[in-house]
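# Notes for the structure review
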Amino acid sequence: MFDIKWIRNNAEAFDAAMLRRKGDFATAADLLNIDDRRRDIIVRLNDAQEKRNAMSKQIGQAKAQKDEAKASELMAEVARLKDIIPVAEADERLVEQELHVALSVLPNLVFDDVPQGNDESDNVEYFGRNGTEETVANVRASKPEFSFAPKEHFEIGEANDGMDFEVATKISGSRFVVLKGQIARLERALGQFMLDLHTTEHGYTEVQPPLLVRDEALFGTNQLPKFEEDLFFAGHGDGRLALIPTAEVPLTNLVRESILSEEELPLRFSALTPCFRSEAGSAGRDTRGMLRQHQFNKVEMVSITLPNASFDEHERMLGCAEAVLKKLGLHYRVMDLCTGDIGFGAKRTYDLEVWLPGQDTYREISSVSICGDFQARRMNTQYRPGGGEKLKGGLPFVHTLNGSGTAVGRCLIAVLENYQQEDGSVLIPDVLKSYMGGLTSIGGRS
RNA sequence: GGAGAGGUGGCAGAGUGGCCGAAUGCACCGCACUCGAAAUGCGGCAUGGGGGUGACUCCAUCGGGGGUUCGAAUCCCUCCCUCUCCGCCA
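Owing to the predicted nature of the structure, the values given are computational and were not obtained by experimental measurement.

A count of helical and extended segments in chain A gives 15 helices and 17 strands. Taking the principal axes of its C-alpha atoms as reference, chain A extends roughly 105 × 50 × 40 Å. Residue burial in chain A is summarised as follows: out of 446 residues, 48% are buried. Sequence-distant contacts, at least 24 apart, represent 73% of the contacts inside chain A between residues at least 6 apart. In the structure as shown, chain A presents an accessible area of about 21,700 Å², 48% of it carried by carbon and sulfur atoms.

The subject of this paragraph is the sheet that holds strand β10 (residues 295-305). Sheet architecture is open: eight strands sit in the order β1-β11-β12-β13-β15-β10-β9-β4, paired in mixed fashion. The open sheet has two free edges, formed respectively by β1 (124-125) and β4 (205-206), since each of these has just one partner strand. As paired elements, strand β9 (residues 267-276) and β10 share ten bridges and run antiparallel to each other. Among the inter-strand pairings, L272 is bridged to a residue of β10, identified as V299. Where helix α12 (residues 310-328) meets the sheet, it contacts β9, β10, β11 (332-336), β12 (348-356), β13 (361-370) and β15 (399-407), and its direction lies at approximately 10 degrees from that of β15.

On to the packing of aromatic side chains, then. Following the criterion strictly, the structure yields ten aromatic pairs and no others. On the basis of an interplanar angle of 70 degrees and a centroid distance of 6.5 Å, the ring pair of F193 and Y435 is categorised as edge-to-face. Taken together, the positions of F193 in helix α9 (residues 181-201) and Y435 in the loop between α15 (430-433) and β17 (441-443) put the pair 242 residues apart, joining distant regions of the chain. Between F344 and F374, the aromatic rings sit 5.8 Å apart at their centres with planes inclined by 70 degrees, giving edge-to-face as the arrangement. In this pair, F344 is assigned in the loop between β11 and β12 and F374 in helix α13 (residues 374-379), connecting sequence segments 30 residues apart. There is no split in this pair, since F344 and F374 are both buried. Taken together, F2, W6, F14, F227, F344 and F374 form an aromatic cluster joined through their ring pairs. Above the face of the W355 ring, K143 is positioned so that its terminal group lies 4.1 Å from the ring centre. Seen from the ring of F233, R240 lies directly overhead, with NZ or CZ sitting 3.7 Å from the centre.

All right, on to the nonpolar core then. Formed by 50 residues in total, the largest nonpolar core has its most connected members in L186, L190 and L330. Taken together, the elements giving at least two residues each to this core come down to α7 (153-159), α9, β10, α12, β11, β12, β13 and α14 (408-418). Not counting chain neighbours up to four residues away, the residues in contact with L186 comprise L412, V415, L416, I428, L432, M436 and I442. Formed by 25 residues, the second largest nonpolar core is a distinct cluster that contains V207, A217, L224 and V255.

We now examine unusual backbone geometry. With the exception of glycine, most residues fall at negative phi, and the peptide bonds are largely trans. Omega for the bond connecting L265 with P266 falls within 30 degrees of zero, at 0 degrees, which places this linkage in the cis form. Its location among the elements puts P266 in the loop between β8 (258-261) and β9. Of the consecutive residues G405 and T406, the connecting peptide bond is found in the cis state with omega at 5 degrees. Here T406 is to be found in strand β15. The backbone phi angle of R175 is positive, close to 65 degrees, even though this residue is not glycine. In this structure, R175 sits in the loop between α8 (165-172) and β3 (178-179).

Attention now moves to the packing of α9 against α14. Following both chains from N to C, one finds α9 and α14 inclined at 115 degrees, their axes separated by 9 Å at the closest point. Crossing geometry of α9 relative to α14 is assigned as right-handed. Across from I183, L186, E187, L190, G191 and M194 in α9, the residues of α14 making contact are V408, G409, C411, L412, V415 and L416. Residues of the contact of α9 with α14, tallied by class, amount to nine nonpolar, two polar and one charged.

Neighbouring RNA strand B are 26 residues, the closest being R38, Q49, R52, S56 and R93. In this structure, Q49 approaches RNA strand B through a side-chain N or O atom, which is 2.6 Å from a sugar or linking oxygen. Here a phosphate oxygen of RNA strand B and a side-chain polar atom of N53 are 3.3 Å apart. Secondary structure elements with two or more residues in the surface near RNA strand B: α1 (4-9), α3 (28-64), α4 (68-79), α5 (81-104) and β14 (381-384). By residue class, the composition of the surface near RNA strand B is seven nonpolar, eight polar and eleven charged.

To continue, consider the pattern of salt bridges. Side-chain pairing between opposite charges can occur once the charged atoms of the two side chains come close. All told, the structure shown has 28 salt bridges when counted by the stated rule. Taking the shortest distance from any N to any O, the salt bridge between K180 and D161 comes out at 3.6 Å. Here K180 is found in the loop between β3 and α9, whereas its partner D161 is found in the loop between α7 and β2 (163-164), with 19 residues between them in sequence. Among the salt bridges present, the one from D215 reaches R240, with a minimum N-O distance of 2.8 Å. You can see D215 sitting in helix α10 (residues 215-220) and its partner R240 sitting in strand β7 (residues 239-243), a full 25 residues away along the chain. Using a relative accessible area of 27% as the deciding quantity, one classes D215 as partly exposed.

Calculation criteria
Numbers given for residues are sequential positions, taken from 1 along each chain in its written order. The order in which chains are written sets their letters, starting at A; the order in which ligands are written sets their numbers, starting at 1. Per-residue local features of the predicted model are confined to residues with pLDDT of at least 70, and side-chain atom pairs are confined, for both listing and counting, to 80 or more; whole-chain, interface and lining totals are unaffected and use all residues. In computing side-chain properties, one takes all heavy atoms of the structure into account and sets aside hydrogens as well as water. A run of DSSP states H or I qualifies as a helix once it reaches four residues; a run of E qualifies as a strand once it reaches two. Both are numbered from the N-terminal end. Each residue gets one of three labels from its accessible area relative to the maximum for its type: buried under 20%, exposed over 50%, partly exposed in between, using a 1.4 Å probe on protein chains only. Contact definition: two residues touch when any of their heavy atoms are within 4.5 Å. All accessible-area figures derive from a Shrake-Rupley calculation using a 1.4 Å probe, and residue coverage is judged against the displayed protein chains alone. The rule for pairing is simple: two strands pair if DSSP sees at least two bridges between them. Each axis is a line fitted through C-alpha atoms, and for a helix only the stretch in contact is used; angles between axes span 0 to 180 degrees, taken between their N-to-C directions. In this analysis, rings of Phe, Tyr and Trp, with Trp reduced to its six-membered ring, are considered paired at centre separations within 6.5 Å, and the interplanar angle assigns stacked below 30 degrees, edge-to-face beyond 60, and tilted for intermediate values. Charge-over-ring placement is defined geometrically: NZ (Lys) or CZ (Arg) within 6 Å of the ring centre, and within 35 degrees of the ring normal. Remark: nonpolar core denotes a set of buried residues (Ala, Val, Leu, Ile, Met, Phe, Trp, Tyr, Cys) joined through side-chain atoms within 4.5 Å. Crossing handedness follows the turn of the near helix against the far one: under a right angle anticlockwise gives a left-handed crossing, and clockwise gives a right-handed one. Lys, Arg, Asp and Glu make up the charged group, whereas Ala, Val, Leu, Ile, Met, Phe, Trp, Tyr, Cys and Pro make up the nonpolar group; the residues left over, Gly among them, are polar. What makes a residue near a molecule or strand is one non-hydrogen atom of that residue sitting within 4 Å of it. In protein, a polar contact means a hydrogen-donor-capable atom and an acceptor-capable atom, both N or O and within 3.5 Å, with residues adjacent in sequence counting only if both atoms are side-chain atoms; elsewhere, any N or O pair within 3.5 Å suffices. The salt bridge criterion pairs a side-chain nitrogen of Lys or Arg with a carboxyl oxygen of Asp or Glu, the two atoms within 4 Å.

And the structure:
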């Protein structure tokens, strides 16, 4: 969400930056036109209100002095303002709303060095601030070699009686799956492992948030008003609640409408939750297997930081997500999303793409974004700087970041495909064994 | 689901139609005292939006929205939220 004053003072920069985004957006001139009308109305309204207030005060004084004649005279005079004030108030509401709507559908500005591009094919592989292809190769698992043709995850899952798409369809329709037995346990183990990792080693506070949220929370994290069709809603009384598409929504909104103190920042939250997405725009894509589901589990990380700390926090958070894949021994790459692929609220996004040998391709398993003050403005989350210095222009907004660490369902796919054996069994990665009751492998011919 | 109470500044908490953007306390900031600190004293301290080069000034905001009134934190309607009791329930 933009500050119209900022746009007024940076009109050219705003237009230039918005042109980098895919899609057509209002220009600074369009927006300032609305704002000019808004200010004209405010001047008119304030003027009338000032007169009314002054006269009302005189009426009170006249009445106190029992001067009923003067009071009546003034009341007749102020009555004329009753025609103009309600009209001006209505005008102001309309134009305020118009400006709010116009601003709320604008995507965030990306950083200058985000790669320009149209779609995911223009994303650029990222090796860290000072990294190279060689430095990352040393700390990441390499692509596994197979002496046989590796299977896809659903073949492994179904062969082990651990994944049932048909019965899920009977119960809930397409894009659902039923996990069973050791596969179900492996999914649970992965989620537990990730959440434990972030809370014990990465400084995140474990949170169990609501999974049903109000429209206001969704506005705060940009799902509304533009992406309503991606959401599931549950009716509630005369209203509705949305099923969270990601725990980013409740975790980020933990600080909505509040003023934090500088000392308590950064705040770091992590949660393991189901996520619900309608996948309205993706009919026909990834229909086989459990890659793209209406419901999946995900471990989410959210950081609330001071403005000058968010840039480094982004790299730190990327490292937290990468740690999951490193500890699981999964091969992956990091992509710096181009302007055509980056999300609405992000200033920069890194995607982690894990190697899936069964599909012979990399697939997104995590997305780590820095939003600057974009969401903080939508949520109205500010902080009070320490030291108590005088503040010109109001309290500053916090910065928000979010990242998956990681999508659990997709990570299950990755473990199954990367750790599969020729006999159909799947080895359990070392870090998961304690979560699997000591099992070293599951499935296979018995 | 039924009955009741309540939502006021960073926090606590007074305020039932004009003298209230709002007492008081805490927290915070400045100054004085002190070698320094504590204690004490004095002063400052809400947010948003306009106008003005500026000193400054105006408007709005007491959970949200609407209404009554010349005038609303205060009265009315409505929505949201919180709490208490009863009922039901994982």
